[in-house]
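# A structural walkthrough
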Amino acid sequence: MIFAQLIKKTLQSVCCCSALCLSAYASAAEHIAPPSLSSIENSDIKRLLPNDEVKPILAGDTEFLSLYSEYMSRDFRGIVLLIPDWNSTPTSNAGMSYLRKELTNLGYTTYAMTVPDIDWQASDMAAPAQAAAQSSTQAQTEEPTKTAQSNSDGAVTTAQEPHFVNAIDLVSNEVLSHYKTNLIMRYEALYQNAMSEPNNIVVIAQGTSAGVLLEYYADFPDSRIDAFISLSSYLPNTQRNKGLAQTTSLVTPALLDIYYANDNTDILMSLKNRQRWVNRNAKFDYRQRQLFGLRDAPEQHARLTKVIDGFLRRLF
């Protein structure tokens with residue numbers, strides 16, 4: 001009798017515990033996604049920089065921030081659009097922040113824009129469509145094969161071709177194309193805003209942003225610029241970075257290709273190939289310049305500004 005009562009109390013306690021667990025699971029808080037990197041950067045820029053420098057610009061349905069600095073010399077020489085690398089900011093110490101201020105002393109009005117977020121799920125969204133297309137193609141190719149096999153009794157199975165597997169790219173083509181689309185949308189909005197002061201227009205872009213903008217200008221868009229300056233331009237995709245050497249020789253504006261001695265291997269190995277394509281396509285306004293040392297050192301910033309100023313003074 002005592003043993004039966006003990007079992008009954010144990011079952012009751014187990015039922016109570018399971019009911020509490022189910023109620024706690026049902027009332028658990030839903031997952032809240034963390035804030036995006038661009039929203040954090042925008043809040044920091046609005047909080048730390050003067051209000052007269054921060055200018056919101058609308059690109060389609062998306063609003064982004066640009067940093068405006070007016071020229072501070074006797075002569076007005078033009079407008080410079082500064083585009084940092086992806087996952088970077090216009091206030092970074094990799095050269096953009098220094099150029100944003102120093103170029104105003106040389107007679108340029110500068111616009112430095114924030115870059116869009118990287119959508120790392122772009123390749124996953126494109127995968128179902130590609131899989132459906134591949135399955136339909138495979139089904140169409142299998143039907144005549146089955147018919148031929150049924151008509152020929154004792155036919156020998158054809159030997160399959162060897163299958164080669166390429167190395168996996170660091171960044172998929174879909175992710176890179178998605179970033180390019182969003183960046184070009186912001187760039188065109190910034191360009192239209194800068195055209196309110198018609199004069200010489202210079203674009204200084206960095207890293208992957210420079211790579212996708214070189215692809216954009218190789219297609220001869222309607223937007224006119226007088227000079228393009230790329231800082232360590234490359235694309236983190238093997239095939240597209242290989243084609244960037246030829247793309248560099250097809251852009252219309254004068255091009256200054258600046259790289260650092262400690263850049264990654266993909267950049268350093270493509271420099272000679274870029275020069276070969278430039279010679280083949282006779283782009284005579286192309287220049288390469290190498291900078292030594294750390295890119296965030298004050299002496300490096302001064303030399304970067306001097307190289308850019310010397311290049312632009314030969315143009316206008």
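Located above this text is the structure these notes cover.
A few points on the structure. (Residues numbered from 1 in each chain as written. Predicted model: local features only at pLDDT ≥ 70, side-chain atom pairs only at ≥ 80, totals over all residues. Heavy atoms only, no water.)

### Describing the environment of Ser-69
Inclusion rule: A helix here means a DSSP run of H or I that spans at least four residues, while a strand means a run of E at least two residues long, and both kinds are numbered starting from the N terminus. By the convention used here, residues are in contact when the closest approach between their heavy atoms is within 4.5 Å. In protein, a polar contact requires one atom able to donate a hydrogen and another able to accept it; more generally it is a pair of N or O atoms within 3.5 Å, and residues adjacent in sequence count only if both atoms are side-chain atoms.
Turning to its location among the elements, Ser-69 is positioned in strand S2 (residues 62-69). Taking the C-alpha atoms as reference points, Ser-69 and Thr-110, separated by 41 residues in sequence, lie 5.3 Å from one another. Setting aside residues no more than four positions away along its own chain, Ser-69 makes contact with Arg-100, Lys-101, Thr-104, Tyr-108, Thr-109 and Thr-110. At a separation of 3.5 Å, a polar atom in the side chain of Ser-69 contacts the side chain of Arg-100.

### Observations concerning the packing of helix H3 (residues 96-105) against helix H9 (residues 298-313)
We count it as follows: Axis definition: a line fitted to C-alpha atoms, over the contacting stretch in the case of helices. Angles run 0 to 180 degrees between N-to-C directions. The cut-offs work like this: below 35 degrees is roughly parallel, past 145 is roughly antiparallel, 65 to 115 is roughly perpendicular, and the gaps in between are oblique. Crossings are assigned a handedness: left-handed for a near helix turned anticlockwise from the far helix by less than a right angle, right-handed for a clockwise turn. Think of it as three bins: nonpolar holds Ala, Val, Leu, Ile, Met, Phe, Trp, Tyr, Cys and Pro, charged holds Asp, Glu, Lys and Arg, and polar takes everything else, Gly as well.
One way to put it is that H3 packs onto H9 with a least axis distance of 10 Å and a crossing angle of 55°. Judged by the angle between their axes, H3 and H9 are oblique. Crossing hand, H3 versus H9: right-handed. Here Tyr-98, Leu-99, Glu-102 and Leu-103 of H3 lie close against H9, whose contacting residues are His-301, Ala-302, Leu-304, Thr-305 and Ile-308. For the contact of H3 with H9, the residue count by class is six nonpolar, two polar and one charged.

### Focus: unusual backbone geometry
Spelled out, the test is: Burial classes follow relative accessibility: with a 1.4 Å probe on protein chains only, a residue under 20% of its type's maximum area counts as buried, one over 50% as exposed, and anything between as partly exposed.
A positive phi is found at Phe-220, a non-glycine position, where the angle reads about 55°. If you check the backbone angles, Ala-282 has positive phi at about 55° while not being a glycine. Here Ala-282 lies in the loop between helix H8 (265-280) and strand S8 (286-291). On the basis of relative accessibility, which here comes to 37%, the residue Ala-282 falls in the partly exposed class.

### Focus: the pairing of S8
The test is simple: When DSSP finds two or more bridges between a pair of strands, those strands are recorded as paired. Seen with its strands pointing away from the viewer, a crossover is right-handed if its path from the first strand over the helix to the second goes clockwise.
Of the pairings in the sheet, the one linking strand S7 (residues 254-260) to S8 comprises six bridges and is parallel in character. Each bridged residue has a counterpart across the sheet, and for Ile-258 the counterpart in S8 is Arg-289. Each parallel crossover has a hand, and the one from S7 via H8 to S8 is right-handed.

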